[in-house]
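# A closer look at the structure
The primary structure of each chain is shown beneath.
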Amino acid sequence: MSMNRREFMQVLAVASAAGFALNSRHALSAGNARNFYDLPSFGNVSLLHFTDCHAQLQPIYFREPNVNIGLGESLNRPPHLVGERLLKSFGIRPGTIDAHAFTSLDFDKAARTYGKVGGFAHLSTLVKKIRASRPGALLLDGGDTWQGSATALWTKGQDMVDACKLLGVDVMTGHWEFTLGAERVQQIIDNDFKGKLDFVAQNIKTNDFGDPVFPHYVIRPINGIPVAIIGQAFPYTPIANPRHMIPDWSFGIQDDHMQKVVGEARAKGAQVVVVLSHNGMDVDLKMAARVSGIDAIMGGHTHDGIPAPSIVKNPGGQTLVTNAGSNGKFLGVLDLDVKGGKVTGFKYKLLPVFANLIEPDAEMAALIKKVRAPYEAKLAEKLAVTEGTLYRRGNFNGTFDQLILDALMEVKGADAAFSPGFRWGTSLLSGQTITLEHLMDQTAITYPQTTLTEMTGATIKDIMEDVCDNLFNPDPYKQQGGDMVRVGGIGYTCDLRQGMGKRINNMMLKGKPLDPNKKYKVAGWAPVAEGATGEPVWDVVAGYLRDKKVITPRKLNLPKLIGIKGNDGIA
C-alpha cells in the first residue's frame, strides 16, 4: 500500500482525532507533521551528515536493536541504551514518531503506522530543504555507502556513486567501499569524484613506504570560515574484511597521527576541525578524550542513531561526538556558531527520514528508477512469505540471521552454523513477502561463498571466544568489528564479566555438551581467506525459501547472559 503525503496527513489527522493507540496525537497531529522538518538555522557553520546507508536507495523498514550492551566505561552510556532507557535519557515521549525512529518498541505496529524510512529521493528533498536555510552547508558521507544492496553489488557501487553525486555529497570516508577492491575504489575517486567530491582518510597508508593513500583532510570555507574535515576510515578493515582486496594498504586507529593532522589543519588556518569518522561510537568517544583540538566527531560504523551529541572533555577543551544511524534513515544537522576563530555554541538535530512525510525529489527518483530498471524483475522475485518480523540488529542474533542459519544447516546438512555479526540489513514486517531484493539486503557482499568445515568442539569455542572479545573487550580500541557471530545449533552461556577465553561456557548441541575433541560439521559464509569456493549464500537461502514458501516466526538461538544485571543496553 502506498499513499501520497496528503493522504498520509489525512490519515494522521483522523488517527489523532480518534486518540490513536501510539500516542501519535501529540507527535503527529497533521499540523505538527507539516512542521516536523522545520529546523531554525543557528550560527554560521552547518554540516549535514549521513552514514552507513548500505546502498539503500529505496525507502525501507529498519528496526533498531533491543540489545546494545555496554561494559566498563561504556556501561549505561550512549550508545549503549535501548528501548525505554534511551527514551528516558533523551527526553523522548513513548509512543511518538520519534520513539519509533530511535527504538524497537512496538516495532511492527509503529512501522505500519508511520511507514517506511529513508530512500535517497526523500533524503534528497530533505537535504535541499535544510541547505536552503543554511548557505554553504557541507554534506558529509561517513561511508558504508557502496555496499549493502543487490544493485550496488551488480553495478560495483556505481548506482551509489551516481546517487551521492546527485545528492550533493562534498566529503566522504570509507569502510565497506574497500571490499570492492583497491583498484575499483581508486577508479571511482580518480574518475567519478574528480573535482566534485573529496575522499579523505588520515589513517590509510601504503604498506611499503607509509605514504598517504588518500588526502588526510580537506579545508572548505563555509561563510568565509575555514573548516577542516579530517577522514578516519574504519581502522580494522583488513581484519574484519578480506585483506587480499586491499593488499597494499595499512589501516589502524592512529590517534598520534590524528593529533598531528589536527595541528596541521589548525596551522593552515582552520577555525573549525571536524573528524568524519568510521571508527564506531565507543572508539570515537575514546579518541575524543585523547586527541585535542577536534570540535566534533561525526561518526558511523556502529549504526547508532543517537539523538544528541556526547560532550567529551579533553586537555584542549571539549569535543562533540555524534553518530547518525544507518540505512538512510537519519540526517544529522550540526550548526556551529563560530566567533573570533572559535566555536562558541552549537545545536544538533538527528532528523529521522520518514518517507511518508517527505515528497520524493523528482530528479533523484528518476535516477533510482533508471539504475533499477535492468534488474527490476529479478529483484521482485517472490521467495516466501514471513509470518514473523525479520530483522538483523542486536548484539547476539536477529530473526533474519536465524533464518540464514536455519537455511545453512538444513541445506548443507550441518550440525551447527555461523553467520557473521553484520549490522546492515533491512527489516520486514510480519505478513510481508520476502523478495530476492530483501535477501540481497542481508547478503550482498563480494565474498559470499558458503562453506562446510569439520571443526572440533575446541575450535568452535575458540572462534566464538575470539569474536566475543572483539565485541566486549573493555578497551574500545580493541573492538574490531560487528556484532557477535550468529550461532545456529549450539546453545551456550556468555559471562560478560570474564576476560578473553573465559566468556563462553556450557556449550550444548542437541541436548549434549559439546565435546572439545569431537569433530562437527559447521556451515558458514563470508570467508575472509583468499581462494574460498562455495555456492553464494543468497543461492543457498533462496532455494530454502522457495522450498518452504511460508516462513514461520523464528525462534532465536540466544545465549544465556551472565553479568548483565542493571545494564541499560538490554531491553
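Read on for an overview of the structure. (Residues numbered from 1 in each chain as written. Predicted model: local features only at pLDDT ≥ 70, side-chain atom pairs only at ≥ 80, totals over all residues. Heavy atoms only, no water.)

Taken in spatial order, the 3 strands of this open sheet run 17-15-24, and their pairing is mixed. Because the sheet does not close on itself, it has two edges, and the strands there are strand 17 (433–435) and strand 24 (550–551). Against the sheet, helix 17 (residues 436–443) touches strand 15 (382–386) and strand 17, its axis set at about 65° to strand 17. (Pairing = 2+ DSSP bridges. Helix = DSSP H or I, 4+ residues; strand = E, 2+ residues; numbered from the N terminus. Contact = heavy atoms within 4.5 Å. Axes fitted to C-alpha atoms, helices over the stretch in contact; angles between N-to-C directions.)

For helix 12 (residues 255–267), with 13 residues, the first-to-last C-alpha span of 18 Å sits near the 18 Å given by 1.5 Å per residue. Buried-residue contacts for helix 12 involve strand 5 (205–206), strand 6 (217–222), strand 7 (225–232), strand 9 (272–277) and helix 13 (281–290). (Expected span 1.5 Å × (residues − 1).)

Looking now at empty space enclosed by the protein. Tallying each qualifying case throughout the model produces 4 cavities of 30 Å³ or more. For the largest cavity, the calculated volume is near 300 Å³. Taken together, 28 residues form the lining of the largest cavity, with H80, D282, T302, L471 and Q479 sitting closest to its centre. Secondary-structure elements contributing two or more residues to the lining of the largest cavity are helix 13 and helix 18 (457–472). The volume enclosed by the second largest cavity comes to roughly 120 Å³. For the lining of the second largest cavity, the secondary-structure elements that each account for two or more residues are helix 4 (83–90) and helix 5 (97–102). Looking at side-chain class alone, the lining of the second largest cavity contains 8 nonpolar, 5 polar and 3 charged residues. (1 Å grid on protein atoms, 1.4 Å probe; cavity = no way out; pocket = protein on both sides within 12 Å on 5 of 7 lines; lining within 4 Å. Points joined across faces, edges and corners; volume = space filled by probe spheres on them. Nonpolar A, V, L, I, M, F, W, Y, C, P; charged D, E, K, R; others polar.)

This part takes up the pairing of strand 6. Pairing of strand 6 with strand 7, which is carried by 6 bridges, proceeds in the antiparallel orientation. Within strand 7, the residue paired with R220 across the bridge is V227. A loop of 2 residues connects strand 6 with strand 7, the two strands running antiparallel in sequence, and N223 in this loop sits at a positive phi of about 50°.

Looking now at the packing of aromatic side chains. On inspection of all chains with the given rule, the structure shows 21 aromatic pairs. Consider the rings of F199 and F214, whose centres lie 4.8 Å apart with planes at 50°: the pair is tilted. Separated by 15 residues along the polypeptide, F199 in strand 4 (residues 198–199) and F214 in the loop between strand 5 and strand 6 bring together distant segments of the chain. Following the ring pairs from residue to residue traces out a cluster consisting of W146, F178, F193, F199, F214, W249 and F251. For K286, the ring lying beneath its charged end belongs to Y477, and the centroid distance is 4.3 Å. Over the ring of W424 we find R392; its NZ or CZ atom is 5.1 Å from the centre of that ring. (Phe/Tyr/Trp six-rings, centres within 6.5 Å; stacked < 30°, edge-to-face > 60°. Lys NZ or Arg CZ within 6 Å of the ring centre and 35° of its normal.)

Taken as a whole, the second largest pocket holds about 910 Å³ of empty space. For the lining of the second largest pocket, the elements supplying multiple residues, two or more each, are helix 11 (237–240), strand 16 (416–419), strand 18 (450–456), helix 18 and strand 23 (519–525). Here the lining of the second largest pocket is composed, by residue class, of 20 nonpolar, 13 polar and 4 charged.

Right, let's get into helix 6 (residues 107–114). Considered for burial, the residues of helix 6 that qualify are F107, D108, A110, A111 and Y114. The first or second residue beyond helix 6 is G115, which carries a positive phi of 85°. (Buried < 20%, exposed > 50% of the residue type's maximum accessible area, 1.4 Å probe, protein only.)

To continue, consider the side chain of N241. The residue N241 is located in the loop between helix 11 and strand 8 (249–250) in this model. With relative accessibility at 2%, the residue N241 sits in the buried group. Within the structure, N241 has its side chain in polar contact with the side chain of H175 (distance 2.8 Å). If near-sequence neighbours (up to four positions away) are discounted, N241 is found in contact with H175, W176, T179, Y447 and V528. (Polar contact = N/O pair within 3.5 Å; in protein donor to acceptor, adjacent residues only side chain to side chain.)

So, about the packing of helix 9 (residues 158–167) against helix 14 (residues 362–372). A pair of packed helices is characterised by two quantities: the angle between their axes and the separation of those axes. Across the interface, helix 9 lies against helix 14 with an axial gap of 10 Å and an inter-helix angle of 170°. Here helix 9 lies roughly antiparallel to helix 14, going by the angle between them. The residues of helix 14 that touch helix 9, namely those facing D159, D162, A163, L166 and L167, are E363, M364, L367 and V371. (Parallel < 35°, antiparallel > 145°, perpendicular 65-115°, else oblique.)

A few words now on the nonpolar core. Counting 88 residues, the largest nonpolar core has F120, F178, F214 and I229 as its most contacted members. With residues up to four places along the chain from it excluded, the contact list for F120 reads F50, C53, Q56, L57, M160, A163, C164, L167, M364 and I368. In terms of nonpolar packing, the next biggest core, distinct from the first, is built from 38 residues, A150, L408, V537 and L545 among them. (Core = buried A, V, L, I, M, F, W, Y, C linked by side-chain atoms within 4.5 Å.)

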